[in-house]
Amino acid sequence: MSSITEKKLRKIRVSGKGETEQYAFASALGNIQKQIASEKDVLLRIEPVEVDLIAAKKCSYTERFLFFFFPRKRTVYQLELEVSVQVSQIDLTKIDFSEEMIANPERLNLSFLTR
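Just so you know, these numbers come straight off a predicted model, no measurement behind them. (Residues numbered from 1 in each chain as written. Predicted model: local features only at pLDDT ≥ 70, side-chain atom pairs only at ≥ 80, totals over all residues. Heavy atoms only, no water.)

Trainee: What exactly am I supposed to notice about the side chain of Gln 89 here?
Mentor: Structurally, Gln 89 is set in strand E3 (residues 69-90). Aside from chain neighbours lying at most four places away, what touches Gln 89 is Ile 4, Thr 5, Glu 6, Lys 8, Asp 41, Val 42, Leu 43 and Leu 44. (Helix = DSSP H or I, 4+ residues; strand = E, 2+ residues; numbered from the N terminus. Contact = heavy atoms within 4.5 Å.)

Trainee: Looking at this structure, I do not really get the pairing of strand E2 (residues 42-65). What am I missing?
Mentor: Where E2 meets E3, 20 bridges bridge the pair, whose relative direction is antiparallel. Pairing of Glu 50 across the sheet is with Ser 84, part of E3. Hairpin connection between E2 and E3: a loop of three residues separates the two successive antiparallel strands, and Leu 66 in this loop has a positive phi of roughly 55°. (Pairing = 2+ DSSP bridges.)

Trainee: Can you walk me through the pattern of salt bridges in this structure?
Mentor: Opposite charge on two side chains permits pairing when their charged atoms draw close. Taken as a whole and judged by the stated rule, the model has seven salt bridges. For Lys 11, the salt bridge goes to Glu 82, with nearest N and O atoms at 3.8 Å. Separated by 71 residues along the polypeptide, Lys 11 in strand E1 (residues 5-18) and Glu 82 in strand E3 bring together distant segments of the chain. Taking the relative accessible area as the measure of exposure, Lys 11 reaches 57% and is therefore exposed. (Salt bridge = Lys/Arg side-chain N within 4 Å of Asp/Glu carboxyl O. Buried < 20%, exposed > 50% of the residue type's maximum accessible area, 1.4 Å probe, protein only.)

Have a look at this one:
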C-alpha cells in the first residue's frame, strides 16, 4: 500500500491586531489555520517552521466618556507576518474508491403488501 499523506512547505502572509503584543501575535498565528483550511484538502497537521516580521505598528489614542469625562489611553498593536508552514495533508488523488451499487436505503419496505 502506498502512503496517501504528503508534506508541503508553504509561505503564508498573515496579519493580526490586539490590545497587547501577545494578543496581536495570537491573532496573527490563529489566522494561519483559517487561511490554509479555506482550501479543499484534508489537513492533518500545520506546523510553523519560521516566522518573519513584515510590519509592526503601535497605535495609541485617548478615549473619553461623553467627550469630556474619564479619559483613558488606549493602545492597539498591529502585526503583519510571513510564516513558513509545513503542512501535512492527505492527497485525495491517490485514493481509489471501489464502486458498489446498493438499493435505495430511503425506500419503504412494505413486505405485508407483497403477498
